[in-house]
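Fold and geometry: a report
Listed below are the residues making up each chain.
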Amino acid sequence: MHSKQRLTEQRLARVLSQRVRPAVHARALPLTVEIWNAPGEPVPAAQAIAAPYRPVAVGHRWGPAWSTSWFRISGEVPAHWAGQRIEAVLDLGFDVTGPGFSTEGLVHRPDGSVVKALNPRNAWIPVADPASGGERFTYYVEAAANPTVPLPGEAHHAPTRAGDRPAWLTGAAAADGDPLYRLRRAELTVFDREVWELAQDLDVLGELMHALPEGAERRWQLLHTLERALDAVDVQDVPATAAAARAVLRPALAAPATAGAHRISAVGHAHIDTAWLWPLREAARKVARTVSNVTHLMDHHPGFRFAMSQAQQLAWLKEQHPALYARVREKAASGQFLPVGSLWVEPDTNITGGEAFARQLVHGKRFYAQEFGVETEELWLPDTFGYQAAMPQLLKLAGVRWFLTQKISWNTTNKFPHHTFWWEGIDGTRIFTHFPPADTYNGELTGAELAHTVRNFQDKGPANRSLLPFGYGDGGGGPTREMLARAERLADLEGSPRVEIEPPAAFFARAHAEYPDAPVWLGELYLEFHRGTLTSQLRTKQGNRRSEHLLREAELWSATAAVHRGLPYPYEALDRLWKTVLLHQFHDILPGSSIAWVHRQAEETYAAVHAELTGIVDAAQRALAGPGDGTVVFNGAPHARGGVPAFGSAPRAGEPAPEVDPVPDGDGRLVLDNGLVRFTVDARGLVVSAVDLAAGREALPPGAAANLLQLHQDFPNEYDAWDLDAFYRNTVRDLDVADEVTAVPGGVEVRRSFGSSRIRQRLSLREGARRLDIDTEIDWHERERILKAAFPLDVRADHSTAEIPFGHVRRPTHTNTSWDAARFEICAHRFLHVGERGWGAALVNDSTYGHDVTRDVRPDGGTTTTVRLSLLRAPRFPDPDADQGTHRLRYGLLLGASVADAVREGYALNLAERAVPGGTAVAPLVSVADDAVVIEAVKLADDASGDLVVRLYEAHGGRARTTLAVSVPWRTVTETDLLERPLPDAEPVHAADRPGPVLTLRPFEIRTLRIALATGA
């Protein structure tokens, strides 16, 4: 017998796409269409519905970029269509791209209530089912003219202006620019259910056939069955022959899966990027569109389950679409709509600070509990660019049991060895974790996806379950009725894994029971990709870092002023400001991978946040400082300094430690020497000697220079703002020529120019300090370059130690394995330390996250370990002006430093002392005697009870035992979770029992303590 395989496959594809699917809505009549173009930003539905409309026809061009047009469509159901399902079909211009990345629409009734959304895979509107005939109807479609980024005709990831905020949005002028879209279809149609079902049958069996191995008997059986079904279809009259074709297919669809078939828990989902190739306001509209679609599906599919993460998005929905939000609550109560994720947004976890990540959990879980009565137990974070190693403990402290992500499948060097495993953090906490082996969070339940899931699953044998999120995502859209039809057919189908739609919690409970002794992965989940996100868009990263520290101070001093002076605690303002900062930690804002509009708006928002928080801090400190002609110094850092206790204040006693004036050495060099350390700067403006005088040790290798600025070409293969490809190191330009090197009071000033850019640096050293401070101002106008600051050190370090949230991690400096080599760009927060037994050095910074560490053995036998900070990038997509302009940042080289020293100096650099007029010292509300125990947060309890909440952690990586001293009268101290709820086994410590709670902490352990103050405290 001759094979007809390819012939039948080609036939199936053409008949399905050109005859069967078009026949679903073959009977059609034109709709009456009118349009109103909204000026400026989007308007409420009531305003748009009352606006003046003008008639247009199919073919009408509409929508300058980022504008909104409202279409009014109307018609009448013919009498002879009675008894049938009637739908309107609109194509707003959907030929450009897939769901969520171009135009979308939200359909309203005349009363303003929402029906559902329109996108390229979901272009229908329900009119009547069944129709009576003669019904008249009117709908209003809010159509967003969102441009594709890049625009059609532009090269993939080429520079584009499509992401700029249009100037006309700032005023009331009408939108300008060429229309992006053309109305392509507007028809009233009969929905032919039998033809639609035939399309789903052919789709599922055809996909399964393609996914099966060439030699599989089931594949050839399906080929034969599909050929006979196609023979039964009259391509000139599909509706008349659909039932006969379906009868041919029915036995093949009824054949059950094998007993050992892989089991897939399918979870409806729509990952919606809170900002990315669209601004925040558009993300809020995407949420409404997606939610309207899924709640409409739930009405007709009781078994459908949809998981939605990101509490911020539901908060937007509550504010902007209260009726639709009420539908969500209704569906949540029925168990169909599943709030998941436990976070305020899906943040970047590398750059987000520890306390901020804790607040992501607090605000996320609290929103779900208050709004839905749900205690979320999973962390749903599919699309973030790597996961820091303190997360397991933070998750457990928030009541999270399970973690899901997919992004590690994007690794470009090493394939992660597990899909289900225990993830162990730096303190020893373990979280049960799953990576969907379908390698997507935007599944469509296709045969190819299911086959890949089975082939790819790394834990075959002891485990046989995986999870697959399905639904259009990134730009939203969610599952479709076609996807639900696939799930129904794939529930028990020979040759396929078994597919069951169920909640994530059901999957995790079963997977855990099946595989309780899953393997363990210790430490960070490093993504071998998107390393450039540690550096892109410096202003956004600085805004976040400074906001995190200002929020810390605002809570600390407001709580202190409330307890000591009775000043009202700004609960509402702090809650609002925290949520604003948390929002901007989303994993395409904070990493610097969004369009220009997003980052310019973020800069404006951070400026407002900083101004308000500075006002809160100032008001609290002035109340605490009281009257007087002196100056009171406040120390918001967790370690005492300059005679001022941590979290307390003291009248200034004399002037701050002065900066050392530079002294010429007679060889054209300038020396900064304070008796502890000595730094020498040559005529190139480079540090050519760094001596630890106490240790009698030169820190730099022979002939090396530190603070060497280096410029690399930075043109990754694909994702400009995201990626830093290893070949960037192949070309480098040392910026070793200075325009000026000048001795100034208290330091050395260095000026450089290169390309179109200018740099001014001020190098300074204070009396009593071991840290050379480098204050850098850069007027940056390079393109597709990365700027690094190199510090070669004469240290044989086989690892580096980098601060992460609530601790630090050690990473190899060698490249013994492919896993080591892949970590050629690493994340550090306030410090990065390298050392050998007895001596070390650290780099501390105020806004840098990207670093790299390399090592080399010199001819003299010594080892040079070079630490570099990534200061600036200049990617051109998706923001062609990323990082252009003036920046100011600070970093410092600390000599003779232990990791404990690096911890202290990192906080000190980021939390400067504040001087306020007044005359009253203030004792810290709480303190600890052990520097290894860092108090991270001091605040009043969120429930406005007046209780004091303290969060602290062990910061050095060892065991610690200390007493928490409380300086005001107190009644009890109770250990709580992150949400300030008593831990199940917590026994309150009473003031009568002891002077303060004695704390014993394991390495990197995080503790939250709630202190009930005595009346009148």
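Structure's up top.
Calculation notes
- Residues numbered from 1 in each chain as written.
- Predicted model: local features only at pLDDT ≥ 70, side-chain atom pairs only at ≥ 80, totals over all residues.
- Heavy atoms only, no water.
- Helix = DSSP H or I, 4+ residues; strand = E, 2+ residues; numbered from the N terminus.
- Buried < 20%, exposed > 50% of the residue type's maximum accessible area, 1.4 Å probe, protein only.
- Contact = heavy atoms within 4.5 Å.
- Lys, Arg positive; Asp, Glu negative; His and termini not counted.
- Charge placed at Lys NZ, Arg CZ, Asp CG, Glu CD.
- Polar contact = N/O pair within 3.5 Å; in protein donor to acceptor, adjacent residues only side chain to side chain.
- Salt bridge = Lys/Arg side-chain N within 4 Å of Asp/Glu carboxyl O.
- Pairing = 2+ DSSP bridges.
- Phe/Tyr/Trp six-rings, centres within 6.5 Å; stacked < 30°, edge-to-face > 60°.
- Axes fitted to C-alpha atoms, helices over the stretch in contact; angles between N-to-C directions.
- Parallel < 35°, antiparallel > 145°, perpendicular 65-115°, else oblique.
- Left-handed = near helix turned anticlockwise from the far one by under 90°.
- Nonpolar A, V, L, I, M, F, W, Y, C, P; charged D, E, K, R; others polar.
- Expected span 1.5 Å × (residues − 1).
- Bend = angle between axes of the 7 residues up to and from the residue.

Some points on the overall build of the chain
- Within the chain, the regular secondary structure consists of 18 helices and 54 strands.
- For the chain, the C-alpha atoms occupy an extent of roughly 95 × 70 × 60 Å along the three principal directions.
- For the chain, with 1017 residues in total, the buried portion stands at 63%.
- By sequence separation, contacts in the chain at least 24 residues apart represent 75% of the contacts at least 6 residues apart.
- Looking at charge distribution, the chain has the averaged site of its 107 positive side-chain charges lying 2 Å from that of its 126 negative ones.

Description of the environment of Glu740
- Tracing the sequence through the fold places Glu740 in strand β32 (residues 740–744).
- Residues Glu740 and Thr1015, 275 residues apart in the sequence, show an inter-C-alpha distance of 63 Å.

Observations concerning the environment of Ala186
- Its place among the elements puts Ala186 in strand β12 (residues 185–190).
- C-alpha of Ala186 to C-alpha of Trp124: the two residues are 62 residues apart in sequence and 10.0 Å apart in space.

Observations regarding the environment of His434
- Following the sequence through the fold, His434 ends up in strand β19 (residues 430–434).
- With relative accessibility at 0%, the residue His434 sits in the buried group.
- In sequence terms His434 and Gly471 are 37 residues apart; their C-alpha atoms lie 19 Å from each other.
- Residues within four places of His434 in sequence aside, it is in contact with Phe403, Leu404, Thr405, His419, Thr420, Arg465, Ser466, Leu467, Phe507 and Phe508.
- One polar contact links the side chain of His434 to the main-chain carbonyl oxygen of His419, over a distance of 3.1 Å.

What about helix α11 (residues 447–456)?
- Those residues of α11 not exposed but buried are Gly447, Glu449, Leu450, Ala451, Thr453 and Asn456.
- On its buried face, α11 sits against α3 (193–211), β13 (263–269), β20 (465–470) and β21 (498–501).

Topic: the pattern of salt bridges
- Applying the stated criterion to the full structure yields 92 salt bridges.
- Across the salt bridge formed by Arg678 and Asp673, the nearest N and O atoms sit 3.9 Å from each other.
- Given a relative accessible area of 33%, Asp673 falls into the partly exposed group.
- Within this structure, Glu41, Glu104, Glu142, Arg281, Glu282, Arg285, Lys286 and Arg289 form a network of salt bridges that share partners.

Details of the sheet that holds strand β42 (residues 850–857)
- Taken in spatial order, the six strands line up as β31-β30-β36-β43-β42-β39 in an open sheet, and their pairing is antiparallel. Strands with a single pairing partner mark the edges of an open sheet, and in this sheet they are β31 (733–734) and β39 (826–827).
- In terms of strand pairing, strand β30 (residues 708–713) meets strand β36 (residues 785–793) through six bridges, oriented antiparallel. Across the sheet, Leu711 pairs through a bridge with Leu787, a residue of β36.

A word on the packing of aromatic side chains
- Under the criterion given, the structure shown has 36 aromatic pairs.
- On the numbers, 5.7 Å between centres and 65° between planes, the contact of Phe101 with Trp278 is edge-to-face. Taken together, the residues span a long stretch of sequence, with Phe101 in the loop between β6 (86–91) and β7 (104–108) and Trp278 in the loop between β13 and α6 (280–300) at a distance of 177 residues.
- For Trp278, a relative accessible area of 3% translates into the label buried.

With respect to the pairing of strand β18 (residues 420–424)
- In terms of burial, β18 is a largely internal element, five of the five residues being buried.
- Of the two faces of β18, the one carrying Thr420, Trp422 and Glu424 and the one carrying Phe421 and Trp423 are both buried.
- Sheet topology places β18 next to β19; five bridges connect them, and they run antiparallel. Opposite Thr420, over in β19, you have His434 as the bridge partner.
- Linking β18 to β19, which pair antiparallel, is a turn of five residues; within it Gly428 sits at a positive phi near 105°.
- Of the pairings in the sheet, the one linking β18 to strand β22 (residues 520–522) comprises three bridges and is parallel in character. By the bridge assignment, Glu424 is partnered in β22 with Leu522.

Focus: the sheet that holds strand β47 (residues 933–940)
- With antiparallel pairing, the five strands of this open sheet are ordered in space as β47-β48-β54-β51-β52. Of all strands in the sheet, those bounded by a partner on one side alone are β47 and β52 (989–990).
- One ladder, built from seven bridges, connects β47 with strand β48 (residues 948–954); its direction is antiparallel. From the neighbouring strand, Val934 faces β48, where its bridge partner is Tyr953.
- Each of β47, β48 and β54 (1006–1013) touches helix α14 (residues 538–565); the most contacted strand, β47, lies at about 60° to it.

Points about the packing of helix α4 (residues 217–232) against helix α5 (residues 238–254)
- Contact pair α4 / α5: the axes reach a minimum separation of 8 Å and the direction vectors enclose 165°. Our classification of the angle between α4 and α5 gives roughly antiparallel. At the point where α4 passes α5, the crossing takes the right-handed sense. Contact residues: Arg218, Leu222, Thr225, Leu226, Arg228, Ala229 and Ala232 in α4; Thr241, Ala244, Ala245, Val248, Leu249 and Ala252 in α5.
- Across the contact of α4 with α5, the residue classes break down as nine nonpolar, two polar and two charged.

Concerning the side chain of Asp883
- Inspection of the secondary structure puts Asp883 in the loop between β43 (863–873) and β44 (885–895).
- Buried charge Asp883 goes without a salt bridge, the closest partner of opposite sign being Arg539 at 5.3 Å.
- A distance of 2.7 Å separates a polar side-chain atom of Asp883 from the backbone nitrogen of Leu538.

Looking at the packing of helix α8 (residues 322–333) against helix α9 (residues 354–372)
- Orientation of α8 relative to α9, taken along the N-to-C sense of each, is 85°, at an axis distance of 11 Å. Taken as axis vectors, α8 and α9 run roughly perpendicular relative to one another. Seen from α8, the contacting residues are Tyr325, Val328, Arg329 and Ala332; seen from α9, they are Phe367, Glu371 and Phe372.
- In terms of residue class, the contact of α8 with α9 is built from five nonpolar, no polar and two charged.

Some details on α5
- The end-to-end C-alpha separation of α5 is 23 Å, in line with the 24 Å expected for 17 residues at 1.5 Å each.
- Its maximal kink placed at Val248, α5 deviates by approximately 35°, while the proline Pro251 follows within four residues.
- Among all positions of α5, only Val238, Thr241, Ala242, Ala245, Arg246, Val248, Leu249, Ala252 and Leu253 are buried.

With respect to the side chain of Thr974
- Summarising the element assignment, Thr974 is placed in strand β51 (residues 970–976).
- Apart from residues lying up to four places away in sequence, Thr974 is in contact with Pro982, Ala986, Pro988, Thr1008, Leu1009 and Arg1010.

Some details on unusual backbone geometry
- Residue Pro150 is reached from Val149 by a cis peptide bond, and omega for that bond is 5°.
- Counting through the fold element by element, Pro150 comes out in the loop between β10 (136–144) and β11 (181–182).
- Phi at His157 is positive, roughly 60°, even though this residue is not glycine.
- With respect to the secondary-structure elements, His157 resides in the loop between β10 and β11.
- Taking the relative accessible area as the measure of exposure, His157 reaches 10% and is therefore buried.
- The phi torsion at Phe1004 lies on the positive side, around 65°, for a residue other than glycine.
- Checked against the element boundaries, Phe1004 lands in the loop between β53 (998–1001) and β54.
- You can call Phe1004 buried: its relative accessible area is 8%.

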